[in-house]
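Take a look at the letters that make up each chain.
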Amino acid sequence: MDAALLPKAELHVHVEGTLEPELVVDLARRHGVVLPTTDPAALRAARRFTDLQSFLDQYYEAAELLRTEQDFHDLMAAYLVRAERAGVRRAEVFLDPQHHTERGVPLEAVFGGLSAAAAASPVSVDLVPCFLRHLGPDAALEALRTWLPHREHFVGVGLDSTEVGNPPAAYGPAYALAAAEGLHRTAHVGEEGTAADVAEALDTLGIERLDHGNHSLDDAEVVARLRDTGTPLTVCPLSNVALRVVDALEQHPLPAMLEAGLVVTVNSDDPAYFGGYVDDNYRALRDAVGLTDGQLTALALASFDASFAEPAAKDAWRAEVRAAASAPLAPQTAS
Ligand code: HPA
Ligand SMILES: [Zn+2]
């Protein structure tokens with residue numbers, strides 16, 4: 001088998017970022033929205049970015065087509081079919097509820113649709129709603145209070161959207177409430193932000209994982225902290241190239257992260273926008289920086305180590321990785 005298809009967990013994927021142009025066209029038709037073009041290829045070609053904000057602008061605009069429980073169901077169902085083909089056994093899926101509720105979409109439709117599709121999939125799925133940085137810390141705390149009555153639908157919280165100008169410490173109260181409620185905690189930090197932002201997040205948010213975290217490498221003390229605490233990084237190689245966090249995949253810092261002793265996982269972030277799902281990320285990174293099958297196997301194992309799933313389930317998946325990796329591994333073309 002292709003080592004890029006090994007059993008794995010995907011720990012950094014935004015469900016709104018799995019909105020493929022074909023579904024954009026369907027949703028627009030469903031809701032009577034006129035698009036500049038109904039050609040999925042043209043919509044796909046327009047998904048070009050210069051930085052995080054230029055991506056977020058397109059991502060939030062397209063996500064406005066998600067209106068009903070059926071829409072959220074169909075979005076998640078399509079992602080899970082593709083993820084299963086990528087070898088994903090476990091998906092911890094981000095969503096941006098504030099972007100939907102501020103448009104008048106009820107939380108019941110968002111959580112209900114996503115959870116129904118998850119329950120019908122063989123992939124183990126849990127949801128992780130994110131606080132939107134551009135709406136600020138008071139809105140984050142208020143949002144969490146409105147999510148808590150739907151607690152059975154999610155296992156943790158995250159922090160995403162515009163990083164520059166929105167440092168993490170202000171979100172401390174929202175994270176403290178999440179911790180008090182027994183929720184897992186992760187945050188996007190150090191994608192466009194600095195190593196100092198990563199240190200601040202570690203100091204103030206009580207995070208168990210770090211999403212992206214690329215700029216941690218700029219400060220040896222921050223790297224040592226991440227290494228000594230075993231805080232996993234959810235790294236997204238194709239996203240980093242698309243948003244110009246790295247100049248080229250060949251210069252991706254993942255080998256340096258491994259060399260520094262960090263726990264690293266590979267993920268797709270927003271696969272409908274950045275040119276590939278999680279298996280494509282494993283494959284592209286392997287080809288660009290020369291990862292061995294043994295290193296890909298270690299990355300697959302690390303994805304389960306870093307997961308919020310139950311220990312017994314993690315053990316079973318790790319055994320499955322070891323069994324698959326001990327069978328002959330051969331390169332394959334992209335699926
Ligand atoms: O990579 C990202 N960074 C911040 N916010 C996001 N929302 C979706 N993807 C991202
Ligand atoms: Zn992300």
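Residues numbered from 1 in each chain as written. Chains lettered and ligands numbered in written order. Predicted model: local features only at pLDDT ≥ 70, side-chain atom pairs only at ≥ 80, totals over all residues.

Named according to an unreviewed UniProt entry, the chain is Adenine deaminase originating from Quadrisphaera setariae. In the Catalytic activity (unreviewed entry) part of its UniProt record, the chain is described as follows: "adenine + H2O + H(+) = hypoxanthine + NH4(+)". Comment text from UniProt for the chain, heading Sequence similarities (unreviewed entry), reads "Belongs to the metallo-dependent hydrolases superfamily. Adenosine and AMP deaminases family. Adenine deaminase type 2 subfamily." (UniProt positions renumbered as here; feature names shortened; annotations may be inferred.)

Trainee: Tell me about the overall build of the chain, and name the residues and values.
Mentor: Check the secondary structure of the chain and you find 16 helices and eight strands. Since a compact globule built from 335 residues should have a radius of gyration of about 20 Å, the 19 Å found for the chain is in line with a globular shape. Projecting the C-alpha coordinates of the chain onto the three principal axes gives extents of approximately 50 × 45 × 40 Å. Sorting the 335 residues of the chain into buried and exposed places 49% on the buried side. Taking the intrachain contacts of the chain between residues at least 6 apart in sequence as the baseline, contacts between residues at least 24 apart amount to 76%. (Helix = DSSP H or I, 4+ residues; strand = E, 2+ residues; numbered from the N terminus. Rg over C-alpha atoms; globule rule 2.2 N^0.38 Å. Buried ≥ 20, exposed ≤ 12 C-beta atoms within 10 Å, placed from the backbone. Contact = placed C-beta atoms within 7 Å.)

Trainee: Outline the UniProt feature "binding site: Zn(2+)" (unreviewed entry) in the chain, supporting the account with residue identities and numerical values.
Mentor: Cross-referencing UniProt, the feature "binding site: Zn(2+)" (unreviewed entry) maps to His12, His14, His188 and Asp269 in the present numbering. These residues run over 258 residues, yet every pair of their C-alpha atoms falls within 11.7 Å of each other. Contacts of His14, omitting those with residues within four sequence positions, involve Phe94, Asp269 and Asp270. Given 27 C-beta atoms within 10 Å, His188 falls into the buried group. Once residues within four sequence positions are removed from consideration, His188 is found in contact with Gly158, Leu159, Asp160, Glu163, Asp211 and His212.

Trainee: Give me the pairing of strand β5 (residues 184-189): which residues, what numbers.
Mentor: Regular strands show a simple pattern: their side chains alternate between the two faces of the sheet. In terms of burial, β5 is a largely internal element, five of the six residues being buried. Taken together, the two bridges between strand β4 (residues 156-160) and β5 define a ladder with parallel strand orientation. From the neighbouring strand, Gly156 faces β5, where its bridge partner is His184. In this view, the connection linking β4 to its parallel neighbour β5 by way of helix α8 (residues 172-180) has right-handed handedness. Bridge count between β5 and strand β6 (residues 209-212): four bridges; the pairing is parallel. (Pairing = 2+ DSSP bridges. Right-handed = clockwise from strand over helix to strand, strands pointing away.)

Trainee: Let's hear about the pairing of β4: which residues, and what values?
Mentor: Within β4, five of the five residues are buried, leaving the element largely enclosed by the surrounding structure. Across the two faces of β4 the burial is the same, with Gly156, Gly158 and Asp160 and Val157 and Leu159 all buried. As judged from the three bridges shared by strand β3 (residues 124-132) and β4, these two strands associate in the parallel manner. Paired with Leu132 across the bridge in β4 is Asp160. In this region the chain leaves β3, passes through helix α7 (residues 137-147) and returns to the parallel neighbour β4; the handedness of that crossover is right-handed.

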